[in-house]
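Coordinate analysis (summary)
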Number of protein chains: 4
Amino acid sequence: MSDKFVSVRTDLALEAREYYTEKNKTDVPGIKVNEFRDGKVWVSRVEVVNDEGERIIGKPKGTYVTLEFPEFVHYDGESIDEVSKSVAKELSPLVKLQDSMTALVVGLGNWNITPDAVGPKVVSKIMVTRHLKEYVPDSIDEGVRPVCAIAPGVLGITGMETGEIIRGIVEKIKPNLVICIDALASRKTQRVNRTIQIGNTGISPGAGIGNKRMELSEKTLGVPVLAIGIPTVVDAGTLANDTIDLVIDELTKQATTGGPFYKMLMDLDRNEKQRLIQEVLDPDLGSLVVTPKDIDKVIESVSRIIANGINIALQPALTLDDINKYLN
Amino acid sequence: MSDKFVSVRTDLALEAREYYTEKNKTDVPGIKVNEFRDGKVWVSRVEVVNDEGERIIGKPKGTYVTLEFPEFVHYDGESIDEVSKSVAKELSPLVKLQDSMTALVVGLGNWNITPDAVGPKVVSKIMVTRHLKEYVPDSIDEGVRPVCAIAPGVLGITGMETGEIIRGIVEKIKPNLVICIDALASRKTQRVNRTIQIGNTGISPGAGIGNKRMELSEKTLGVPVLAIGIPTVVDAGTLANDTIDLVIDELTKQATTGGPFYKMLMDLDRNEKQRLIQEVLDPDLGSLVVTPKDIDKVIESVSRIIANGINIALQPALTLDDINKYLN
Amino acid sequence: MSDKFVSVRTDLALEAREYYTEKNKTDVPGIKVNEFRDGKVWVSRVEVVNDEGERIIGKPKGTYVTLEFPEFVHYDGESIDEVSKSVAKELSPLVKLQDSMTALVVGLGNWNITPDAVGPKVVSKIMVTRHLKEYVPDSIDEGVRPVCAIAPGVLGITGMETGEIIRGIVEKIKPNLVICIDALASRKTQRVNRTIQIGNTGISPGAGIGNKRMELSEKTLGVPVLAIGIPTVVDAGTLANDTIDLVIDELTKQATTGGPFYKMLMDLDRNEKQRLIQEVLDPDLGSLVVTPKDIDKVIESVSRIIANGINIALQPALTLDDINKYLN
Amino acid sequence: MSDKFVSVRTDLALEAREYYTEKNKTDVPGIKVNEFRDGKVWVSRVEVVNDEGERIIGKPKGTYVTLEFPEFVHYDGESIDEVSKSVAKELSPLVKLQDSMTALVVGLGNWNITPDAVGPKVVSKIMVTRHLKEYVPDSIDEGVRPVCAIAPGVLGITGMETGEIIRGIVEKIKPNLVICIDALASRKTQRVNRTIQIGNTGISPGAGIGNKRMELSEKTLGVPVLAIGIPTVVDAGTLANDTIDLVIDELTKQATTGGPFYKMLMDLDRNEKQRLIQEVLDPDLGSLVVTPKDIDKVIESVSRIIANGINIALQPALTLDDINKYLN
């Protein structure tokens, strides 16, 4: 049935796969998976290898690495550093640069909306070196790679498509690699601020928790584009809807197969339910999100994890200590 | 049955009443209610008049005024001013001060956690005049009342019970009235940042969305205490639980009374459900809240509404224009 | 003597002229001046008309309008609006756009350094409309002009020359006019945050209080460039040096012309003095600036003045009330 | 001559002493001095031992330790930690507490004015433990001392004398020691943000760069009061005036003693000069201060130095690493 192939709306390859396997009791065809533990981090590398995988996962052929880590990491400086190193370990093989090549780090999202501010916050913690290499090369170790960074703001702030801005800058600066960071939405509260996705196929239109419509990819920018995404919220409507599904699934398990109750549960159309929920709960539920109460602190922590993951991956000649000293 | 009188855990008198009337199809005994529209605002004045009302509503005998207004108010400067005036209209009769008497405004909550920062933010917008009246009385209109204000921070920031701090200050400063502002939790997403509760019985232990255990009331401070509360979040667990109740209620309506399905639905213990949900959904769901995506902006707006409501009520000799000019 | 033509190092045409006329007791040749009062604002329009004027003023041929206003303006909302209107009045004739033409507003400077943050702060208060005109034209009045805006950050933050970034964006977005805002240094404390300079010749290399080396002009961007500058600091070294000059001038007046004391004062080489001062006072004086104690508040106010000056000039179909409502 | 004993207006014992010794070519009578280098820090311990010392230094009998360090410290994390340890070394002998005794840390000053915000910023970095010791003693090492902290805001923000607020809190909380932190003004730009003064006689009326009139001392609070002050600005008027003095001193050295020029220089009354300067330079010079351009960053750094100095001194059972881990 075609239903099998309908992928759920999610920015995470991991969730698309999860949704498929739950429905179909078999793994997604057209992908290769490698899962393992790295200290506190659960890593899953998914490679989408053909068109079928592409259709089911909802993402272009390429590599998608997901790192999942426990919540307490945000409250422990050493664990933050550890997860940064795991991020760097996964990011490094995707950064295919020679020593003197330049990377441009782009922080997407709106700095005025805390859960959407992770991209700009990462940029503020990137070790920016391109100007030093160019103007005062003696002030900096020879092994340091030229890195530049910008957080251009979103359409509602600039009045310009972010894609256009980045394209204009890339044409002038001519970096050899672009790394984009963006906040995502997840379907599961367990993932919020605890999952980092790294992909080597750029950012597709419509992704992100804000209203962004650019595609940033090798096709549009002319250089390889890595995308790092982190779910920072769950839509309140999604939480409500998924809760309902859960109840119905529980009740279904308890009902006699084939009985009238079972039949009634089967008849519930899931889309109709969501509409019902939204009407009953709150017509404005769509503008509500589920976040940690101390979202400001948590966004600060995930930004540090991602920024230092990038810093380590881009500067193999330096240690995390060097980087921290430089940034301070 | 005793069940009838079990009140739901909520900081809002309005919600306690709602819960009771839904269960019992009759209004709460021991309260007097007056509901009306004031421009964009729906006002409900509840007076708890006896012990039975007190037990059901879960709040001491006294007056509880609730103002509800639509979401768009936050995005329109004129509507913000209008709602401020409605707040002042309800607050004024509770402010029983002679002209020369001093009011102390206390902002409760944690300024580092945006949805808990509404109290401190209100304090930063209060027209503070006590020092001018005392040291440079000629610099200020004679009709201006002495007002002072403080946001002491929460237990985790100061290491001291907020109640102790305020008691110490009140004993030195000897105000004639204390007005406390605090962020609350609501059960319904529709109420978040759209409902203001004004009460004349102080703040009870355990209220608020943070970990606060003080009682600030006439009994502990020796002067009348008005409490202004605004729900700024719904606990994610509450949203999940209420969603389940909704589904079960819907299914119950459709089931044949007395049939096995109906019986099964009736048998579901609501507390057990919540535990189940939290386990299945996320063991850390307890630290998650539902908020608007643009929470920073919305908290700014509700703080302005409440602060100017207080400013107008405390300074009957001034217009809102005077106050805004003074504060700028 | 060639000395006559040595212009002092200043970003303000006004100060270059002042310096010349003090030295030479005659006005600068090659410029046309028009000075008048506009309410609380003292306006001076200087037109540099030939090469001699260019050399003395230190700026290319073109128009330089300076608006000076008293300090209290920053503490009075109505006066802020008034000065905004004066800025708009001077800016409007320089904005030579047809109705449907697009303006790009560029905020230069470093948002992490308060006195250098005026450009980014102005951008955050600009009425950005280009995306609405493009995607939801019905949501906005027909008479509204498309405006976009960006604050790209400084070289030390991005690793990229700001000029390159802006050039890249201009080539993609193709605006018909660019307006740049930047913080300047002044020689006189009286001018700090009380003087706004508007010029129609762009921004020259080396201007600004940060380390910026781009030229943003019609020559480099291909479209007309207006520059709005505001002195937000005086270098502490300049203050010290100018104070010394003042003392020497005072003593010189009192000394008998031709006497040994007079001769000695005449012999003091002003450059040598500055070096002396810096050594004696503080080897790091160069990193110190003179600012108002409440610099955060004052920068907020000057940003509002400039932003609304631009908003009014770019949107002749709207009133300041409309603009404020839109921005809120 | 009585002139010899006129002490210059300064908050720093060090500067009062310097002024006296420059004038009188002999050290202040009634004080004992111990000066030495501690790594990057120059330490001077001044003990005021009798009334004469008190009159000349302008501070009550007691101990005043000054730590001076070079500017680059602010830009190097390791040096910041080193200076913190030097602060702790000087502070520790003044903290005469038994293990279970409670310390209250009070951050004076206005958080809205960056150079006055150092007190509140220090408080935000203090290891607050009193509530843990009281409510969850098992969650924390036994050797940890109970510490609480508050930044009450200034008179213009609260409408209440800070002294009254602190007195009220001290009476309720009953700490065994109070440590106050405040921003000061210096006469010398070299000292700005590079000098920390620790005194064991409390804070006298009129001190501080804001308008504060409380006395916080053992006399008024009933418990020992340590005061930590840091000059964060030089008044622009002071800089101008001191520059003039410098010029005159230079010229005087070059003039023939007894000649008419020498006589004229001698005749200049220094107070008159300051008035002249202020008139000529800027009638509002009084509201201007000299600060580093990157004042926000520097205030952050000095706050960390002082906070960790206090943290180490109050928690001898912990290392700086423990403290940093706890605070993160």
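Residues numbered from 1 in each chain as written. Chains lettered and ligands numbered in written order. Predicted model: local features only at pLDDT ≥ 70, side-chain atom pairs only at ≥ 80, totals over all residues. Heavy atoms only, no water.

What counts, and what does not: UniProt positions are given in the numbering used here, feature names are shortened, and annotations may be inferred rather than shown by experiment.
Under an unreviewed UniProt entry, chain A has the name Germination protease and belongs to Clostridium punense. What the UniProt record of chain A gives under Subunit (unreviewed entry) is the line "Homotetramer." Annotation of chain A in UniProt includes, under Function (unreviewed entry), the sentence "Initiates the rapid degradation of small, acid-soluble proteins during spore germination."

Remarks on the overall build of chain A
The following threshold applies: The way it works is that DSSP assigns letters per residue, a run of H or I at least four long becomes a helix, a run of E at least two long becomes a strand, and they are numbered from the N terminus. Three labels apply to residues, based on accessible area from a 1.4 Å probe with only protein chains included: buried if under 20% of the type maximum, exposed if over 50%, partly exposed otherwise in between.
For chain A, the count of helices and strands is 13 helices and 9 strands. Residues classed as buried in chain A amount to 59% of the 328 residues present.

Brief notes about the interface of chain D and chain A
Going by this rule: Whether two residues touch is decided by their heavy atoms; if any such pair falls within 4.5 Å, the residues are in contact. Accessible area, probed at 1.4 Å, shrinks when two parts are joined; the buried area is that loss added up over both. Any carboxyl oxygen of Asp or Glu within 4 Å of a side-chain nitrogen of Lys or Arg constitutes a salt bridge here. Definition of a polar contact: a pair of N or O atoms within 3.5 Å, with one able to donate and the other able to accept a hydrogen when the atoms are protein atoms, and with sequence-neighbouring residues admitted only if both atoms are side-chain atoms.
If you look at the interface, chain D gives 8 residues, while chain A gives 8 residues. Buried surface at the junction of chain D and chain A, summed over both partners, amounts to about 560 Å²; 29% is from carbon and sulfur atoms. For the interface between chain D and chain A, the tally reads 0 salt bridges. For the pair chain D and chain A, the interface holds 0 residue pairs in polar contact (both at pLDDT 80 or more).

A short note on the domain arrangement of chain A
The line we're drawing: As annotated, the domain borders come from an automatic or database domain assignment.
Taken domain by domain, chain A comprises domain 1 (13-237 + 288-327) and domain 2 (238-285). Here domain 1 of chain A and domain 2 of chain A have C-alpha centroids that lie 35 Å from each other.

Some remarks on the pairing of strand E9 (residues 288-292) of chain C
Rules: We call two strands paired when DSSP finds no fewer than two bridges between them.
With 5 of its 5 residues buried, E9(C) lies for the most part within the structure. The pairing of strand E8 (residues 225-235) of chain C with E9(C) spans 2 bridges and is antiparallel. Paired with Val234(C) across the two strands is Val290(C), which belongs to E9(C). Inspection of the sheet shows E9(C) paired to strand E9 (residues 288-292) of chain D by 5 bridges, in the antiparallel sense. Residue Val289(C) lies in a different strand from E9(D), and its bridge partner there is Thr291(D).

Topic: the packing of helix H9 (residues 236-254) of chain C against helix H9 (residues 236-254) of chain D
Threshold: The axes used here are C-alpha line fits, helices contributing only the stretch in contact, and every angle between their N-to-C directions lies in the interval 0 to 180 degrees. Any angle that is under 35 degrees is reported as roughly parallel, and any over 145 degrees as roughly antiparallel; angles of 65 to 115 degrees are reported as roughly perpendicular and all others as oblique. Crossings are classed by handedness, with left-handed meaning an anticlockwise turn of the near helix from the far one by less than a right angle and right-handed meaning a clockwise turn. Each residue gets one label: Ala, Val, Leu, Ile, Met, Phe, Trp, Tyr, Cys and Pro are nonpolar, Asp, Glu, Lys and Arg are charged, and the others, such as Gly, are polar.
Contact geometry of H9(C) with H9(D) gives a least axis separation of 9 Å together with a crossing angle of 50 degrees. Judged by the inter-axis angle, H9(C) sits oblique to H9(D). As for how H9(C) packs across H9(D), the hand of that crossing is right-handed. Note on element contacts: H9(D) touches H9(C) through Ala236(D), Leu239(D), Ala240(D), Thr243(D), Ile244(D), Val247(D) and Leu251(D), opposite Ala236(C), Leu239(C), Ala240(C), Thr243(C), Ile244(C), Val247(C) and Leu251(C). Looking at the contact of H9(C) with H9(D) residue by residue, the class counts come to 12 nonpolar, 2 polar and no charged.

Topic: the relation of the copies chain D and chain A
Threshold: Here the copies are matched by least squares. The fit uses the C-alpha atoms of residues with pLDDT of at least 70 in both.
Rotating chain D by 180 degrees and moving it 0.0 Å along the rotation axis overlays it on chain A with an RMSD of 0.1 Å. Viewed as a symmetry operation, the transformation between the two copies matches a two-fold axis. Counting the interface residues of chain D, we find that 100% of their copies in chain A are interface residues as well, pointing to one common contact surface.

Here we look at unusual backbone geometry
A positive phi angle, close to 65 degrees, is found at Asn193(A), a residue other than glycine. Looking at the secondary structure, you find Asn193(A) in the loop between strand E6 (177-186) and strand E7 (195-199). Given the relative accessible area of 1%, Asn193(A) is considered buried. Phi is positive for Lys174(C), which is not a glycine, with a value near 50 degrees. Judged by relative accessible area, which is 58%, Lys174(C) ranks as exposed.

A few points about the environment of Thr238(C)
For Thr238(C), the location among the structural elements is in helix H9. Sequence spacing of Thr238(C) and Lys188(C) is 50 residues, and the spatial spacing of their C-alpha atoms is 8.5 Å.

Side note on the side chain of Asp294(B)
Under the convention used in this document: Positive charges come from Lys and Arg, negative ones from Asp and Glu, while His and the chain ends are left out of the count.
When you line up the elements, Asp294(B) lands in the loop between strand E9 (288-292) and helix H12 (295-314). Lys297(B) provides the closest opposite charge to the buried, unpaired Asp294(B), separated from it by 6.2 Å. Ignoring anything within four residues of it in the chain, the contact list for Asp294(B) reads Ile113(A) and Tyr75(B).

What about the pattern of salt bridges?
In total, this model carries 68 salt bridges over all chains according to the counting rule given. For Arg167(A), the salt bridge identified is with Glu164(A), shortest N-O distance 3.5 Å. Within this pair, Arg167(A) and its partner Glu164(A) are both found in helix H7 (residues 162-173), separated by 3 residues, close to a single helical turn. One salt bridge in this structure joins Glu300(C) and Lys125(C), with 2.5 Å as the shortest N-O distance. Placement of Glu300(C) in helix H12 (residues 295-314) and of Lys125(C) in the loop between helix H4 (118-123) and helix H5 (130-135) is noted, with a sequence separation of 175 residues between them. Exposure remark for Glu300(C): the relative accessible area of 35% places this residue in the partly exposed category. Where salt bridges share partners, they join Glu15(A), Glu18(A), Glu68(A), Lys188(A) and Arg191(A) into one cluster.

Topic: the pairing of strand E7 (residues 195-199) of chain C
Residue and element names in this part refer to chain C. With respect to burial, E7 is a largely interior element, 5 of its 5 residues being buried. Along E7, one buried face is formed by Thr195, Gln197 and Gly199 and the opposite face, lined by Ile196 and Ile198, is buried too. Taken together, the 5 bridges between strand E3 (residues 62-68) and E7 define a ladder with antiparallel strand orientation. Bridging from a neighbouring strand, Thr66 pairs with Gln197 of E7. As defined by bridge partners, E7 adjoins E8 across 3 bridges and the pair is classed as antiparallel. Looking across to E8, one finds that Ile198 is bridged to Ile228.

Concerning a negative patch on the surface
Where we set the bar: A residue counts toward a patch only above 30% relative accessible area and without a salt bridge, and it is joined to like-charged neighbours within 9 Å or, for Val, Leu, Ile, Met, Phe, Trp and Tyr, to nonpolar neighbours within 5 Å. Note that accessible areas follow from Shrake-Rupley with a 1.4 Å probe, and for residues the cover is restricted to the protein chains shown. Think of each charge as sitting on NZ of Lys, CZ of Arg, CG of Asp or CD of Glu.
Taken together, the side chains of Asp141(A), Glu142(A), Asp321(A) and Asp322(A) define an acidic patch exposed on the protein surface. Structurally, Asp141(A) is set in the loop between helix H5 (130-135) and strand E5 (147-150).

What to know about H9(C)
This is how the line gets drawn: Expected helix span is taken as 1.5 Å per residue step, with the number of steps being one fewer than the number of residues.
Given a rise of 1.5 Å per residue, 19 residues ought to cover 27 Å, and the 27 Å separating the end C-alpha atoms of H9(C) matches this to within 8%. Across the 19 residues of H9(C), 14 count as buried, placing the element largely inside the fold.

Brief notes about the side chain of Asp38(D)
Residue and element names in this part refer to chain D. Mapped onto the secondary structure, Asp38 falls in strand E1 (residues 31-38). A residue is classified by how much of its surface remains accessible, and Asp38, at 17% relative accessible area, is buried. For Asp38, the side chain forms a polar contact with the side chain of Lys89, separated by 2.9 Å. Apart from the residues lying within four places of it in its own chain, the contact partners of Asp38 are Val43, Ser86 and Lys89.

Here we look at the packing of H12(C) against helix H13 (residues 320-327) of chain C
All names here are of chain C. Close contact between H12 and H13 brings their axes to 10 Å; oriented N to C, the two are set at 115 degrees. Every pair of crossing elements has a handedness; the one defined by H12 and H13 is right-handed. Residues Asn308, Asn311 and Ile312 of H12 lie in contact with H13, whose contacting residues are Leu320, Ile323, Asn324 and Leu327. Residue composition of the contact of H12 with H13, grouped by class: 4 nonpolar, 3 polar and no charged.

Remarks on the confidence of the model for chain A
All names here are of chain A. Using the following cut-off: What pLDDT expresses is the predictor's confidence in each residue, scored from 0 to 100.
On average, residues of chain A carry a pLDDT of 86, and 87% of them reach 70 or more. Residue range residues 1-7 is modelled with pLDDT below 50. Its contacts to residues more than four positions away, or to other chains, number 9 contacts. Residue range residues 207-212 is modelled with pLDDT below 50. Its contacts to residues more than four positions away, or to other chains, number 22 contacts. Overall fold confidence for the complex sits at a pTM of 0.90, while the interface term, ipTM, reaches 0.89.

Describing the state of the cysteines
Our working definition: By definition, disulfides here are pairs of cysteine sulfur atoms that lie within 2.5 Å.
The final tally for this structure, using the stated rule, is 0 disulfides over all chains. Cysteine Cys180(A) shares no disulfide, and the gap to the nearest cysteine sulfur, in Cys148(A), comes to 12 Å.

A word on the environment of Asp99(C)
Residue and element names in this part refer to chain C. With respect to the element layout, Asp99 can be found in the loop between helix H3 (77-91) and strand E4 (103-107). Take Asp99: its relative accessible area is 62%, and that puts it in the exposed class. Those residues within four positions of Asp99 in sequence are excluded, and the remaining contacts are Arg145 and Pro146.

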